[in-house]
Amino acid sequence: MENTVAEPVDPVAEGASGGMPDTRQGDIHTGEIYHLHPHLAGGPAAWARWIDHAAELGFRAVLLAPPFATGILRDAYRSARHDVLDETLGGGETLPALHSFAANAVAAGLTPLLDLTVPLLDPQAPLVIDHPDWFATGPDGARCRFEIGDAARLDWWDTRIDAFQDAGIRGFRCVGAHLVPAASWVRLIAASHARDPSVRFIAETWGGRPAQIEALAGAGFDFALSSSCFWDFTSPWLDEEFERLSRIGKPLAVARAPVVEEVLDPGDQLRERAWVRALRFAGALGAGWILPMGCEFGRLADFARPAIGPDGFAMLLEGVGADLGGHVRMINEWRHAAPSLFEGGLRRLSPPWSDVAAFARGNLRRPGAVIIANAEAGRGTSFDPLPVLRRLATNGGLSRVDETPAEHQAVLGAEAGPVTLAPAETQIFRPVPRPVAKRPVPRAQGAQRAVAAPRIAIEQIAPSVDDGAFPVKRTVGERVTVELDLICDGHDRLAGDLLYRVEDETAWRRTPLVPLGNDRWQASFPLAR
């Protein structure tokens with residue numbers, strides 16, 4: 001991969017301020033986030049290469065996993081010291097490294113973000129040793145007890161957030177946010193915004209109880225991280241969680257959860273389809289999405305304790321491993337082209353436990369993207385667009401946003417019939433409105449031509465209101481079923497078509513009549529608009 005941006009800043013040669021670019025300038029982008037792990041990339045000098053890689057994939061923000069010194073747990077998300085880099089990264093002071101990270105991100109056109117685990121530290125952290133009464137120590141680390149009215153703990157964290165902001169960090173993903181009282185977050189976020197109102201805060205609440213998560217509403221978070229990467233594409237909890245998170249901030253999705261080690265072997269088509277489904281679904285589900293480093297190569301690491309080092313990950317950039325980068329670029333391209341499609345609420349359009357998962361973003365007044373995913377990775381399936389259109393209450397159809405340019409896309413309407421989905425395939429659509437049909441001005445012409453064939457009689461037409469004196473009412477998205485008696489003298493074999501058209505159309509459409517027996521016939525047609 002060629003370096004296409006400015007020469008990276010040397011974190012050792014430059015201090016935290018002298019001669020560095022002002023990383024606080026420019027817009028804040030959190031829609032498309034690349035999650036960079038320093039333990040997988042290597043020391044600070046290697047981060048610039050991965051930042052350039054993220055920009056080439058179309059990301060607009062880069063999130064740095066904790067680079068801080070670890071302790072006895074060797075867990076990147078249980079830091080021991082925040083002023084020193086981990087020994088695997090060469091040690092040294094944290095702030096110059098963060099400043100160079102932020103400067104290189106800004107030079108590449110990306111917003112620099114940082115992971116923080118406020119409620120948990122390593123048991124060997126000096127703060128835990130100096131203030132054991134502040135913490136409850138267990139197998140998962142030392143958990144801070146945030147007491148109401150005790151400002152000392154919050155002041156300790158505010159001092160560090162202030163320093164990270166001064167180094168150029170423009171946003172924070174707060175891991176385990178549900179373990180900190182909402183009142184504490186209100187103070188920390190307010191203090192940060194007093195220094196820079198544009199700084200963004202993302203709440204990560206994985207593993208939290210609903211009551212813990214709901215308590216964060218109004219705490220000041222801009223975004224909340226969805227658990228969609230753990231979803232099985234059938235169970236009913238996803239839209240419920242989405243609604244709960246929306247009270248905290250705009251939901252973000254993660255392509256795959258970086259909590260296990262996983263390798264996608266090139267040529268394993270079954271698992272590759274599942275990986276691509278995860279990428280596309282995450283890219284369409286949230287107001288933004290996060291791609292853990294390595295997923296574009298089919299390589300997922302446990303971000304807490306990575307089992308692979310920088311040398312193994314550097315080989316991925318040289319073409320070793322699966323190549324999902326094209327899918328990632330495409331996702332970011334259609335997100336950049338139509339960001340409004342991925343805003344607003346989330347509505348389930350398909351029942352739980354079905355073969356097809358269908359969701360719609362937005363609301364009735366401002367419809368957004370429609371996501372259709374095959375829940376089965378091992379076999380194909382199909383879905384009928386008619387119920388989807390009915391639930392959307394749209395007067396038109398759907399067009400794909402994830403493949404061909406908009407001007408070349410065909411509109412999928414109620415008349416299209418079932419649509420085939422390959423195993424684990426995910427299709428992303430946008431609602432396309434159609435003009436409302438208007439009744440034309442009637443012409444002065446009777447129905448004399450309708451009796452041109454006197455040997456054939458058409459009787460008992462249903463549905464009918466007062467023998468046709470009033471129109472039959474139906475809703476867009478439904479199918480109209482017509483029955484009639486078709487009678488002819490003699491022994492000729494009969495056949496017929498039901499002709500129908502929208503009132504502002506001139507050409508008739510036809511569908512064959514099906515005999516029901518005893519001279520009764522039936523046909524149906526969809527109400528597309």
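Given the structure is predicted, the values throughout are model-derived calculations rather than measurements.

Rules used in this analysis
- Residues numbered from 1 in each chain as written.
- Predicted model: local features only at pLDDT ≥ 70, side-chain atom pairs only at ≥ 80, totals over all residues.
- Heavy atoms only, no water.
- Helix = DSSP H or I, 4+ residues; strand = E, 2+ residues; numbered from the N terminus.
- Buried < 20%, exposed > 50% of the residue type's maximum accessible area, 1.4 Å probe, protein only.
- Contact = heavy atoms within 4.5 Å.
- Areas by Shrake-Rupley, 256 points an atom, 1.4 Å probe, with all protein chains shown as cover.
- Expected span 1.5 Å × (residues − 1).
- Core = buried A, V, L, I, M, F, W, Y, C linked by side-chain atoms within 4.5 Å.
- Pairing = 2+ DSSP bridges.
- Phe/Tyr/Trp six-rings, centres within 6.5 Å; stacked < 30°, edge-to-face > 60°.
- Lys NZ or Arg CZ within 6 Å of the ring centre and 35° of its normal.
- Axes fitted to C-alpha atoms, helices over the stretch in contact; angles between N-to-C directions.
- Salt bridge = Lys/Arg side-chain N within 4 Å of Asp/Glu carboxyl O.
- Left-handed = near helix turned anticlockwise from the far one by under 90°.
- Nonpolar A, V, L, I, M, F, W, Y, C, P; charged D, E, K, R; others polar.
- pLDDT = per-residue confidence, 0-100.
- Patch = residues over 30% accessible without salt bridge, like charges linked within 9 Å, V, L, I, M, F, W, Y side chains within 5 Å.
- Lys, Arg positive; Asp, Glu negative; His and termini not counted.
- Disulfide = S-S within 2.5 Å.

Asks: I'd love a proper account of the overall build of the chain, names of residues and values included.
Replies: A count of helices and strands for the chain gives 12 helices and 28 strands. Relative to its 529 residues, the chain shows a buried fraction of 51%. Intrachain contacts of the chain at a sequence separation of at least 6 include 71% that bridge at least 24 residues. Total accessible area computed for the chain in this model is approximately 24,400 Å², and 53% of it derives from carbon and sulfur atoms.

Asks: How would you sum up helix 11 (residues 325-337)? Please name residues and give values.
Replies: For helix 11, spanning 13 residues, the distance from its first C-alpha to its last is 18 Å, which sits close to the expected 18 Å at 1.5 Å a residue. Buried residues of helix 11: Gly 325, Val 328, Ile 331, Asn 332, Trp 334 and Arg 335, and no others. Residues of helix 11 that are buried in the fold lie against strand 1 (32-36), helix 9 (269-285), strand 14 (288-292) and strand 22 (426-432).

Asks: Give me the lowdown on the nonpolar core, citing residues and values where you can.
Replies: In this structure, Leu 36, Phe 172, Trp 185 and Phe 221 are the most contacted members of the largest nonpolar core, which totals 104 residues. In terms of residues, this core owes the most to one element, helix 9, which gives seven residues. Here Leu 36 is in contact with Ala 41, Trp 47, Trp 50, Ile 51, Val 62, Leu 63, Leu 64, Ala 65, Phe 101 and Met 293, once residues within four sequence places are set aside. Among the nonpolar cores identified, the runner-up in size contains 15 residues, and Leu 349, Ala 360, Val 370 and Phe 383 belong to it.

Asks: Please provide a residue-by-residue account of the pairing of strand 7 (residues 135-138), values included.
Replies: Note that strand 7 and strand 8 (residues 141-144) share four bridges and pair antiparallel. Its bridge partner being in strand 8, Phe 135 is matched across the sheet by Cys 144. Linking strand 7 to strand 8, which pair antiparallel, is a turn of two residues.

Asks: Account for the packing of aromatic side chains, naming residues and giving values.
Replies: Scanning the model with the defined rule gives 15 aromatic pairs in all. Look at Phe 68 and Phe 164: their rings are 5.5 Å apart centre to centre, the planes differ by 25°, and that puts the pair in the stacked class. Of this pair, Phe 68 sits in strand 3 (residues 68-70) while Phe 164 is found in helix 5 (residues 151-166), placing the two residues 96 residues apart along the sequence. Classification of Phe 68 as buried rests on a relative accessible area of 2%. By relative accessible area, Phe 164 is classed as buried at 2%. On the numbers, 5.6 Å between centres and 35° between planes, the contact of Trp 334 with Phe 342 is tilted. When its relative accessible area of 6% is taken as the criterion, Trp 334 is described as buried. The buried category is assigned to Phe 342, whose relative accessible area is 1%. Above the plane of the ring of Phe 233 lies Arg 277, whose end atom (NZ or CZ) is 4.1 Å from the centre.

Asks: Could you give me a rundown of the sheet that holds strand 12 (residues 250-254), with the residues and numbers involved?
Replies: Strand pairing within a sheet occurs via backbone hydrogen bonds; the two strands may be parallel or antiparallel. Pairing within the closed barrel is parallel, and its eight strands lie in the order 1-2-5-9-10-11-12-14. Ignoring strand direction, the axes of neighbouring strands in this sheet form an average angle of 25°. Sheet analysis places strand 10 (residues 200-204) next to strand 11 (residues 223-225), joined by three bridges and oriented parallel. The partner of Ile 202 across the bridge, within strand 11, is Phe 223.

Asks: Which residues make up the pattern of salt bridges, and what values do they have?
Replies: Scanning the entire structure with this criterion turns up 26 salt bridges. One salt bridge connects Arg 299 with Glu 261, and the closest N-O pair in it is separated by 3.0 Å. In this pair, Arg 299 is assigned in strand 15 (residues 299-300) and Glu 261 in the loop between strand 12 and strand 13 (262-263), connecting sequence segments 38 residues apart. Among the ionic contacts, a cluster of salt bridges with common partners joins Glu 214, Glu 243, Arg 244 and Arg 247.

Asks: Run through the environment of Pro 526, naming residues and quoting values.
Replies: Its place among the elements puts Pro 526 in strand 28 (residues 520-526). Sequence separation between Pro 526 and Thr 481 is 45 residues; the distance between their C-alpha atoms is 8.9 Å.

Asks: Quick rundown of helix 3 (residues 94-107)? Include the residues and the values.
Replies: Here helix 3 contains 14 residues, and its C-alpha end-to-end distance of 20 Å stays within 8% of the 20 Å for a straight helix at 1.5 Å per residue. The element helix 3 is largely enclosed, with a buried count of 11 among its 14 residues. Turning to helix 3, its buried residues number three or more, namely Thr 94, Pro 96, Ala 97, Leu 98, His 99, Ser 100, Phe 101, Ala 102, Ala 103, Asn 104 and Ala 105. Just beyond helix 3, the residue with positive phi is Gly 109, at close to 85°.

Asks: Now, about the packing of helix 5 against helix 6 (residues 182-195): what can you tell me, with residues and values included?
Replies: Across the interface, helix 5 lies against helix 6 with an axial gap of 10 Å and an inter-helix angle of 35°. Helix 6 is crossed by helix 5, and the crossing has right-handed handedness. From helix 5, Ala 151, Leu 154, Asp 155, Trp 157, Asp 158, Ile 161, Asp 162 and Gln 165 reach across to helix 6, where they touch Ser 184, Arg 187, Leu 188, Ala 191, Ser 192 and Arg 195. Looking at the contact of helix 5 with helix 6 residue by residue, the class counts come to six nonpolar, three polar and five charged.

Asks: Hey, could you go over the confidence of the model for the chain for me, with residue numbers and the actual values?
Replies: Averaged over all residues, the pLDDT of the chain equals 85, while 85% of them reach at least 70. Scored below 50 in pLDDT, residues 1-21 shows 33 contacts in the model against residues more than four places distant or in partner chains.

Asks: Explain a nonpolar patch on the surface residue by residue, including any values.
Replies: A contiguous nonpolar surface patch, about 250 Å² in accessible area, is contributed by Phe 230, Val 259 and Val 260. For Val 260, a relative accessible area of 42% puts it in the partly exposed group.

Asks: Please give an account of the sheet that holds strand 17 (residues 356-362) that cites residues and values.
Replies: Taken together, the five strands give an open sheet; going across it, the order is 16-17-18-22-20, and neighbouring strands pair in antiparallel fashion. Here the strands that pair on one side only, and so sit at the sheet edges, are strand 16 (346-348) and strand 20 (397-400). Going across the sheet, the axis of each strand differs from the next one's by a mean of 30°, ignoring polarity. Both strand 20 and strand 22 contribute to a ladder of four bridges, which runs antiparallel. Directly across from Ser 399, in strand 22, lies its bridge partner Arg 430. Against the sheet, helix 9 contacts strand 16, strand 17, strand 18 (367-374), strand 20 and strand 22, and its axis sits at roughly 30° relative to strand 22.

Asks: Tell me about the side chain of Glu 241, and please be specific about residues and values.
Replies: With respect to the element layout, Glu 241 can be found in helix 8 (residues 237-246). Although Glu 241 is buried, it forms no salt bridge, and the closest oppositely charged side chain is Arg 244 at an N-O distance of 5.9 Å. The contact partners of Glu 241, leaving out residues within four places of it in the chain, are Ser 226, Ser 227 and Ser 228.

Asks: Explain the state of the cysteines to me, using residue names and the numbers behind them.
Replies: In protein structure, a disulfide is the covalent linkage between the sulfur atoms of two cysteines. Under the counting rule described, the total for this entry stands at zero disulfides. With no disulfide of its own, Cys 229 has Cys 295 as its nearest cysteine by sulfur position, at a separation of 9.8 Å.

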